[in-house]
Amino acid sequence: MTSPKKLHIKSYGCQMNVYDAQRMADTLAGEGFVETAEADDADLVILNTCHIREKASEKVFSELGRLRVAKDEAARRGRQVSIAVAGCVAQAEGDEIIRRAPVVDIVVGPQSYHHLPTLLARSRAGEAAVETEFPVDDKFNFLPQPKAEAIRARGISAFVTVQEGCDKFCTFCVVPYTRGAEVSRPAEKIIDEVKRLADNGVREITLIGQNVNAYHGEGEDGRTWPLGRLLYRLAEVPGVLRLRYSTSHPLDVDDSLIAAHRDLKALMPFVHLPVQSGSDRILAAMNRRHTASDYLKIVERFRTARQDIAFSSDFIVGFPGETECEFTETLALVTEIGYAAAYSFKYSPRPGTPAAEMRETVSAPDMDERLARLQSLIDSQQSAFNRAAIGSTVEVLFERAARKDGQIVGRTAYLQPAHVMAPPDIIGQVKPVRIESLERYSLLGELAPIGALTSPQPAASLSPTGA
Ligand code: 5AD
Ligand code: SF4
């Protein structure tokens, strides 16, 4: 018997890349590949890349430099290693990648992962293997579903792509160019995928998409379903204990989504709702198509529907022309909302986007200083939010054994890691936990009797300096 071929996939960037990496592994399992955690033993290495900011994009080329040495070393020992670049850098740069890094054998854009076996065969036959078209065939019809063992091995929380691409064209963002126009999968396909995951032990489903709440797929009744309608249906799937979705655009928050938060216990009260800036002039220059006050009103609608809801967000500092005064409007918005968590980035010009042509740039020291101020405000809000959990009893979905013997780690509704001493058969269950302390970002607690839940402190009442 020949030993199986080994596959190593290194993913950068967003959750969609994590999901795509699994689909690529499932496709290549059909070709006899098993996954390895070590790039050095692999026969095929795939770099699943991210193009969102320059730093993310440049990481690929430094990794390719390292892989060139490993590939040459393997060749000296008579072993052929293939290297593929997938993801958004592949899509944006196409065969330019092979010109810049001849070590690369295959370049494959996100819409063509179902063609990986053919591309691999082509490259092994010495032919060019670059595919970055937006094909007319729907890759989801060709990508195989994972085997039961693969689902079990990946744990109790899984991502499911419900839509891809984005039509919003924020002026700083490459996504509409790398992932293409917004396309939603039919609800039936999503429901089947979720059922299969739940039948194999998955208890938490995160629906993902570049603009997930723009979802408008064909429903089981032949009508177009918005995301809220899909969530109601998925909440009925036996075994699904928790539902989440990411990433949302404020403009696409509709009544069905708000109602889903009001009605569905399985839908977690934690929403990632990027706002990017608190200045209306900058929001307009970003083509976000909402103002800071529109955003506040949307947050209020969620809060009215579900009192314990909390928010996370993305911010960009130093967008072209951002003044100190406009930056302080961002700080003011953050203070007003009170986030449970947030990501903030320095603006990075992306080739081909309208903002990259804007001439009024913000200096590097100003950007650094603004980023530091924003991050310190967000950190203080996050710490206050985490500290507020101490003394309460909250539901935790247990995921896996922790590093410390006898401890099991799970997550709260707000994705805070929570550690308790508990038997391993608790994995996959939601249990009440009395939170006793906070260690960095992790909560420590004890299993509590059923019915001991206290209602979490509404995020709105948290102040950044602590309760
Ligand atoms: N520069 C900096 N940050 C960016 N993002 C997207 N494009 C850029 C860019 N050109 C950030 C946004 C987005 C998150 C995924 O990445 O905040 O919400
Ligand atoms: Fe990019 Fe999100 Fe704007 Fe779409 S909505 S263009 S993905 S930042």
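Sequence order sets the numbering: in each chain, residues are counted from 1 along the sequence as written. Following the order in which they are written, the chains are lettered starting with A and the ligands numbered starting with 1. Side-chain atom pairs in this predicted model are given and counted only at pLDDT of 80 or more, local residue features only at pLDDT of at least 70, and totals for whole chains, interfaces and linings cover all residues. Side-chain metrics rest on all non-hydrogen atoms present in the structure, leaving aside hydrogens and water.

S.K.: In this structure, what is going on with the site of ligand 1? I would like to understand it.
M.R.: Within the structure, ligand 1 sits among I52, R53, F172, Q276, D314, I316, F345, K346, Y347, S348 and R350. Between R53 and ligand 1, the recorded distance is 2.8 Å, taken from a side-chain N or O atom to an oxygen atom. Only the protein chains shown count as covering a residue, and every accessible area follows the Shrake-Rupley method with a 1.4 Å probe. Protein chains shield 87% of the accessible area of ligand 1, which is 400 Å² for the free molecule. When residue character is reported, Ala, Val, Leu, Ile, Met, Phe, Trp, Tyr, Cys and Pro are called nonpolar, Asp, Glu, Lys and Arg charged, and the others, Gly included, polar. Broken down by class, the residue content of the shell around ligand 1 amounts to five nonpolar, two polar and four charged. If a single non-hydrogen atom of a residue is within 4 Å of a molecule or strand, that residue counts as near it. Think of a polar contact as two N or O atoms within 3.5 Å of one another; within protein, one of them needs to be a possible hydrogen donor and the other a possible acceptor, and neighboring residues in sequence only count if both atoms come from side chains.

S.K.: Got a minute to help me understand the state of the cysteines in this structure?
M.R.: A covalent bond between the sulfur atoms of two cysteines is referred to as a disulfide. In plain terms, two cysteine sulfur atoms within 2.5 Å form what is called a disulfide here. A complete count under the given rule lists zero disulfides for this structure. With no disulfide of its own, C88 has C50 as its nearest cysteine by sulfur position, at a separation of 6.5 Å.

S.K.: Any chance you could explain the sheet that holds strand β15 (residues 310–317) here in plain terms?
M.R.: Backbone-to-backbone hydrogen bonds pair the strands of a sheet. The strands run either parallel or antiparallel. Each pair of strands is called paired provided DSSP finds at least two bridges between the two strands. Each helix is a run of DSSP H or I of at least 4 residues and each strand a run of E of at least 2, with the numbering of both proceeding from the N terminus. What the three strands build is an open sheet, ordered β14-β15-β16; its pairing is parallel. The open sheet has two edge strands with one neighbour each: β14 (270–272) and β16 (341–346). Direction aside, the axes of adjacent strands within the sheet are offset by 15 degrees on average. In the sheet, β14 pairs with β15 via three bridges, with the strands oriented parallel. Each bridged residue has a counterpart across the sheet, and for F270 the counterpart in β15 is A310. Taken strand by strand, helix α14 (residues 364–387) contacts β15 and β16, and its axis lies near 175 degrees from that of β16. Between the N-to-C directions of two axes lies an angle of 0 to 180 degrees, each axis being a line fitted to C-alpha atoms and, for a helix, fitted only over the stretch in contact. By definition, residues are in contact when any of their heavy atoms lie within 4.5 Å.

S.K.: Before we go on, may I ask you to explain helix α2 (residues 54–76) in this structure?
M.R.: Side chains three or four residues apart in an α-helix point the same way, a direct result of the helix having 3.6 residues per turn. Compared with the 33 Å implied by 1.5 Å per residue over 23 residues, the 34 Å span of α2 between its first and last C-alpha is a close match. For α2, the complete set of buried residues consists of A56, S57, V60, F61, E63, L64, L67, K71 and A74. Contacts made by the buried residues of α2 are with β1 (5–11), β3 (44–49), β4 (82–86), α3 (87–93) and α4 (96–100). Looking one or two residues beyond α2, the residue adopting positive phi is G78, at roughly 85 degrees. Helix span, as expected, comes to 1.5 Å for every residue beyond the first. Throughout this description, buried means an accessible area under 20% of the type-specific maximum (1.4 Å probe, protein chains only), exposed means over 50%, and partly exposed covers the range between.

S.K.: When you look at the site of ligand 2 in this model, what are you seeing that I'm missing?
M.R.: Close contacts around ligand 2 come from C166, K168, F169, C170, F172, C173, V175, P176, H249 and R288, and that covers them all. Across the shell around ligand 2, the residue classes tally to seven nonpolar, one polar and two charged.

S.K.: Would you mind showing me how to read the packing of aromatic side chains here?
M.R.: Between two aromatic rings, the relevant description is the distance of the centres plus the angle of the planes. Pairing of aromatic rings covers Phe, Tyr and Trp, the last counted by its six-membered ring, and requires centre-to-centre distances within 6.5 Å; plane angles under 30 degrees mean stacked, over 60 mean edge-to-face, and any other angle means tilted. Counted by the stated rule, this structure contains six aromatic pairs. Geometrically, the ring pair formed by F169 and Y177 is edge-to-face, given 5.6 Å between the ring centres and 75 degrees between the ring planes. Residue F169 is classed as partly exposed on the basis of its relative accessible area, which comes to 38%. For Y177, a relative accessible area of 37% translates into the label partly exposed. Ring centres of F270 and Y414 lie 6.0 Å apart, and the angle between their planes is 80 degrees; on these two criteria the pair is classed as edge-to-face. In this pair, F270 is assigned in strand β14 and Y414 in the loop between β18 (407–411) and β19 (417–421), connecting sequence segments 144 residues apart. Feature note: the residues F270, F385 and Y414 constitute an aromatic cluster, connected by ring pairs. Note on geometry: a ring has a charge over it if NZ (lysine) or CZ (arginine) is within 6 Å of the ring centre and within 35 degrees of the ring normal. Positioned above the aromatic ring of F61 is the side chain of R100, whose terminal nitrogen or guanidinium carbon lies 3.6 Å from the ring centre. One cation-aromatic arrangement involves R229 over W225; the distance from NZ or CZ to the ring centre is 4.1 Å.

S.K.: What's the story with the nonpolar core in this structure? I'm lost.
M.R.: Generally speaking, soluble globular proteins have nonpolar side chains that are buried together. What is meant by a nonpolar core is a set of buried Ala, Val, Leu, Ile, Met, Phe, Trp, Tyr and Cys residues, joined one to another through side-chain atoms within 4.5 Å. In terms of nonpolar packing, the biggest core is built from 53 residues, with L207, L230, L231, Y245 and F302 touching the most fellow members. Here this core takes six residues from helix α8 (residues 187–199), the largest share from any one element. Those residues within four positions of F302 in sequence are excluded, and the remaining contacts are Y245, V253, L257, I258, H261, V271, L273, I309 and F311. With 21 residues, the next largest nonpolar core counts A42, A74, V81 and I83 among its residues.

S.K.: Explain the domain arrangement of the protein here, please?
M.R.: Where interface size is given, it is often the accessible area lost as the parts come together that is meant. Entries for the protein in the domain assignment read domain 1 (5–131), domain 2 (146–268) and domain 3 (393–459). Between the C-alpha centres of domain 1 and domain 2 there is a distance of 27 Å. A combined buried area of about 1,600 Å² lies between domain 1 and domain 2, and 54% of that area is made up of carbon and sulfur atoms. Among the residues of domain 1 in contact with domain 2, Q15, M16 and Y19 are the three that bury the most area, contributing 39% of the side total. In the sections that follow, a salt bridge refers to a side-chain nitrogen of Lys or Arg positioned within 4 Å of a carboxyl oxygen of Asp or Glu. Taken together, the connections running from domain 1 to domain 2 amount to two salt bridges. Where D26 meets R154, a salt bridge forms, and the shortest distance between an N and an O atom there is 2.9 Å. Scanning the region where domain 1 abuts domain 2 turns up five residue pairs in polar contact (both at pLDDT 80 or more). Secondary structure elements with two or more residues in the side of domain 1 that touches domain 2: α1 (15–29) and α3. What marks off one domain from the next here is an automatic or database domain assignment. When two parts are brought into contact, each loses some accessible area as probed by a 1.4 Å sphere; the total of that loss over both is the buried area.

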